[in-house]
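Per-entry structural report
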Number of protein chains: 2
Amino acid sequence: MDAKETLSSGEPEGTFYPYRVVLDTSLFVNPDVRKSLGDTPTEALEAFLFLAAQIHILEFYMPPSIFEELLYFVEKDKIPEDLLVILHQKPPKKHELKCPAFLLYELIEDIRERVNKGLRIAEKAVRSVEKRSPDEIIQDLRRKYRDALREGIIDSKEDVDLLLLAMELDALLITADQGLIKWAEKLGIKWLFPEKFKDYLQGAIKRSGLLSGKTK
Amino acid sequence: MDAKETLSSGEPEGTFYPYRVVLDTSLFVNPDVRKSLGDTPTEALEAFLFLAAQIHILEFYMPPSIFEELLYFVEKDKIPEDLLVILHQKPPKKHELKCPAFLLYELIEDIRERVNKGLRIAEKAVRSVEKRSPDEIIQDLRRKYRDALREGIIDSKEDVDLLLLAMELDALLITADQGLIKWAEKLGIKWLFPEKFKDYLQGAIKRSGLLSGKTK
């Protein structure tokens, strides 16, 4: 990408900064993943901003659709205005980007399997009517059906936004969503184990310090 | 496409022959569509071959996956060997072709709607257990569920084969499948009202005659 440049002559040749990083809400919302950053989404986001403010070698991005999701989970009045400057909001250029056609086969194969799974779950629910009340069955059906049809699949506009933005920016995608990671693999998008997010930020702070030390 | 050439100097400039045409099985299998060609899939295919043999300005293609489907519906020993020469079998170059990324949004939106529809159908089935036996309900559920989840959607490897082959060859796609027609529209693929298939072949015969008369 043309906006990248070499920050320091001490780095090996071919190392260009800033690196771009695309973040998913799951990093702040999923309790297992955010726990190293904070007990609540708000705390986790604050901790991220505190760390990110010290990093000069990374640019953080989030599609506006995902940013909206994030704001829904945090206490907005507690979040410093830094957020808007540190975390860039950018939608992907969806009418310019192309994706390899063989992915259509994979997506459709994936959907077929899930649709069949959904039907089997529905059949089982009908067969279980003698044991439980319709209301109980339907509650159970909804949960199982949604789990079966959504697990490990890209199933929303927001998911596509994340993948395409990472593709467009040649960025590192950080998410706790297994469906997204699976698709990042298919598309050759860089991704990070989400539980390493804090380590990654701390590593970047260290490196930022070293680099600015060298260029002084 | 580089294989195209001008057959006749009598045609307006920019008219290149042969045109490529990609055919779907539905033309021979769907009773409403094939009726102008024959009463059975076998008769319809024979009638097509009889007409196609007289056409010099069109090249007919079918992905092997669709060709296999077709053979399943016809009496193979009645079909002249012509078939293999007149109807070219070619898979799309699925690892070279690209498709516009915004289509991912449309496909995923489409799937979401259908998945929700499927769940509503399943819930209704569970609620109807007081009136009918589970076996009856499940039979009905299967039909409704499949209809809801498959109608107007590209839902198989074969569908993707047809679309990508038409895209690759810049060909005219002829199919009776509304899902495919909807996607041909999105992708800018030429398509023909399937009930006009026989008229189109007859028009091409007439034009083939005119052109060979002129070039004699």
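Residues numbered from 1 in each chain as written. Chains lettered and ligands numbered in written order. Predicted model: local features only at pLDDT ≥ 70, side-chain atom pairs only at ≥ 80, totals over all residues. Heavy atoms only, no water.

All names here are of chain A. Positive phi, close to 50 degrees, is recorded for Asp170, a residue that is not glycine. Positionally, Asp170 belongs in the loop between α8 (157-169) and β5 (172-174). Among the residues examined, Asp170 registers a relative accessible area of 44% and is labelled partly exposed. (Helix = DSSP H or I, 4+ residues; strand = E, 2+ residues; numbered from the N terminus. Buried < 20%, exposed > 50% of the residue type's maximum accessible area, 1.4 Å probe, protein only.)

Of the two same-sequence chains, chain A is brought onto chain B (RMSD 0.0 Å, axial shift 0.0 Å) by a rotation of 180 degrees. Both copies of the chain, as the preceding transformation shows, are related through a two-fold rotation axis. Here 100% of the interface residues in chain A have copies in chain B that are interface residues too; the copies meet face to matching face. (Least-squares fit on C-alpha atoms with pLDDT ≥ 70 in both. Contact = heavy atoms within 4.5 Å.)

Moving on, we get to the sheet that holds strand β5 (residues 172-174) of chain B. Within a sheet, adjacent strands bond to each other through the backbone by hydrogen bonds, running parallel or antiparallel. Residues and elements named next belong to chain B. The five strands are arranged β3-β2-β1-β5-β6 in an open sheet whose pairing can be described as parallel. Edge positions in the open sheet fall to β3 (87-89) and β6 (190-192), since each of these has one partner strand only. The mean inter-strand angle of the sheet, taken between neighbouring strand axes irrespective of direction, is 35 degrees. Note: strand β1 (residues 19-23) against strand β2 (residues 58-62), four bridges, orientation parallel. Following the sheet pairing, Tyr19 is matched in β2 by Leu58. (Pairing = 2+ DSSP bridges. Axes fitted to C-alpha atoms, helices over the stretch in contact; angles between N-to-C directions.)

Time to look at the nonpolar core. Core analysis: the largest hydrophobic core is formed by 152 residues, its most contacted members being Leu23, Phe28 and Phe60 of chain A together with Leu23, Phe28 and Phe60 of chain B. When sequence neighbours within four positions are dropped, the list of residues in contact with Leu23 of chain B reads Phe28, Phe48, Phe60, Tyr61, Met62, Pro63, Ile66, Leu87, Leu162, Ile174 and Phe197 of chain B. (Core = buried A, V, L, I, M, F, W, Y, C linked by side-chain atoms within 4.5 Å.)

Residues and elements named next belong to chain A. Split into domains, chain A comes out as domain 1 (19-94 + 157-215) and domain 2 (101-150). Look at where the C-alpha atoms of domain 1 and domain 2 centre, and you get two points 32 Å apart. Taken together, the contacts link four residues of domain 1 with five residues of domain 2. It is Lys182, Trp183 and Lys186 that lose the most area in domain 1 upon contact with domain 2, and together they represent 90% of the buried surface on that side. (Domains from an automatic or database assignment. Buried area = accessible area lost by both parts, 1.4 Å probe.)

Over its 12 residues, helix α3 (residues 41-52) of chain A extends 16 Å from the first C-alpha to the last, a length consistent with the 16 Å expected when each residue adds 1.5 Å. Among the residues of α3 of chain A, Pro41, Thr42, Ala44, Leu45, Phe48, Leu49, Leu51 and Ala52 of chain A are the ones counted as buried. (Expected span 1.5 Å × (residues − 1).)

Time to look at the interface of chain A and chain B. Contact residues are listed per partner, giving 42 residues for chain A and 42 residues for chain B. Both faces combined, the contact of chain A with chain B buries some 4,300 Å², and carbon together with sulfur accounts for 72% of it. Our count for the contact surface shared by chain A and chain B stands at four salt bridges. Where Arg127 of chain A meets Asp135 of chain B, a salt bridge forms, and the shortest distance between an N and an O atom there is 3.1 Å. Counting the contacts that link chain A with chain B gives 15 residue pairs in polar contact (both at pLDDT 80 or more). Listed by contribution, the elements that provide at least two residues to the side of chain A that touches chain B are β4 (98-100), α6 (102-127), α7 (134-150) and α8 of chain A. Here the residues of the side of chain A that touches chain B sort into 26 nonpolar, four polar and 12 charged. By the bridge criterion, three bridges tie β4 of chain A to strand β4 (residues 98-100) of chain B in an arrangement that is antiparallel. Paired with Pro100 of chain A across the bridge in β4 of chain B is Lys98 of chain B. (Salt bridge = Lys/Arg side-chain N within 4 Å of Asp/Glu carboxyl O. Polar contact = N/O pair within 3.5 Å; in protein donor to acceptor, adjacent residues only side chain to side chain. Nonpolar A, V, L, I, M, F, W, Y, C, P; charged D, E, K, R; others polar.)

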